[in-house]
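Examination of the molecular architecture
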Amino acid sequence: MNERYTPGVLASLATKLTNRDRHLLRLVWTHKVLTSHQLFQLCFEHPSTARHRLIALHHLGVLDRFRPRPPTGSAPWHYVLGESGATVLAQEDGIDMAAFGYRRDRALSIAYSQRLAHTVGVNQVFATLYGTARRTTGCSLDTWWTETRCAATWGKHVRPDAYGRWRENRLTLDFFLEYDTGTETLDRVIAKLSGYAALSTATRIVTPVLFLTSTPRREKSLHSRLQLRAAQLGVPAATAVGDIRGERWLPHDRQDIRLRLIELASHWQHLGLVATEVPG
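Here the structure is a predicted model, which means the values were calculated and not measured. (Residues numbered from 1 in each chain as written. Predicted model: local features only at pLDDT ≥ 70, side-chain atom pairs only at ≥ 80, totals over all residues. Heavy atoms only, no water.)

Details of the nonpolar core
By size, the foremost hydrophobic cluster in this structure holds 51 residues, and its most contacted members are Leu24, Leu63, Leu129, Trp144, Trp166, Trp249 and Leu264. Take this core: its biggest share by element is six residues, from helix α8 (residues 116–135). Phe176, Phe211, Ala230 and Val235 belong to the second largest nonpolar core, which has 20 residues in total. (Core = buried A, V, L, I, M, F, W, Y, C linked by side-chain atoms within 4.5 Å. Buried < 20%, exposed > 50% of the residue type's maximum accessible area, 1.4 Å probe, protein only. Helix = DSSP H or I, 4+ residues; strand = E, 2+ residues; numbered from the N terminus.)

Written out as structure tokens, the structure reads:
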């Protein structure tokens, strides 16, 4: 154990953390970095409560934070797991820090990573869905797998940015998320569908791929390319721009109407497990 965190120190720290705090720390560790806005959506009812509690958790050392400097305007605080927070979670898991896999320099390195905007963007999708489920009767985000977990499970075929299962009233939609920031060529983005087709063949499960793009122009170009390729491969796909709320999603087989996320479940009625033929 780190000499700074004797049993007495850990016991004292533990008394200052609520169940919500521990849940928050686990979310930050799982998703690498979460902004103050995202943490409000995930864990709090009021922005002022979120702001004051995040400051307190930072002072306790269970969270570290940084604020990027965009070309214009200002950015919110971005939070990563602090060393004290890692020690608390490792103790909860019954393992030492080496096995837990935390290093402060590595946790903070996301601040200088070229993937920061991408990671924050993917996490915003998660925070939006999770926050909506917290505040809306009949909605739930039953599953959310990060890029790391997806790669460990399906990396032979695909490496989506996330996998989710959204439930609303009596409908359920499983989906893969591709968060497109515009840094890849459209040819490379479209080529990913072949991997999803191979995964569908291997698992006999049809799961739509949702492409969230950065600009309307990018989406228009991507959607025009998806129409033919998605149909050829039998992989349902849809595009949207920026936000996932409301009637945002344009299926590959439609050009005239956008759908809410859950409406994709009824639009493609062949989703899910594909029945195998039983020999006669």
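Observations concerning the environment of histidine 223
Inspection of the secondary structure puts histidine 223 in helix α11 (residues 216–233). Classification of histidine 223 by relative accessible area gives buried; the value is 5%. For the pair formed by histidine 223 and glutamine 255, sequence separation is 32 residues and the distance between their alpha carbons is 8.9 Å. In contact with histidine 223, not counting residues within four places along its chain, are Thr239, Leu250, Pro251, His252, Arg254 and Gln255. (Contact = heavy atoms within 4.5 Å.)

Thoughts on the sheet that holds strand β1 (residues 34–35)
One open sheet holds the three strands; their spatial order is β1-β3-β2, and the pairing between them is antiparallel. Either end of the sheet is taken by a strand with one partner, and the two such strands are β1 and β2 (63–66). For β1 and strand β3 (residues 78–81), the ladder comprises two bridges, and the chain directions are antiparallel. From the neighbouring strand, threonine 35 faces β3, where its bridge partner is histidine 78. (Pairing = 2+ DSSP bridges.)

Section: the sheet that holds strand β8 (residues 209–213)
With respect to topology, six strands assemble into an open sheet ordered β4-β5-β6-β8-β9-β10, the strand pairing being mixed. In the strand order of this sheet, the two ends are held by β4 (139–146) and β10 (250–251), each with one partner. Note that β4 and strand β5 (residues 162–168) share seven bridges and pair antiparallel. Across the sheet, residue threonine 143 finds its bridge partner in β5, namely arginine 165. Each of β8, β9 (237–241) and β10 is contacted by α11, which is oriented at about 175° to β9, the strand it contacts most. (Axes fitted to C-alpha atoms, helices over the stretch in contact; angles between N-to-C directions.)

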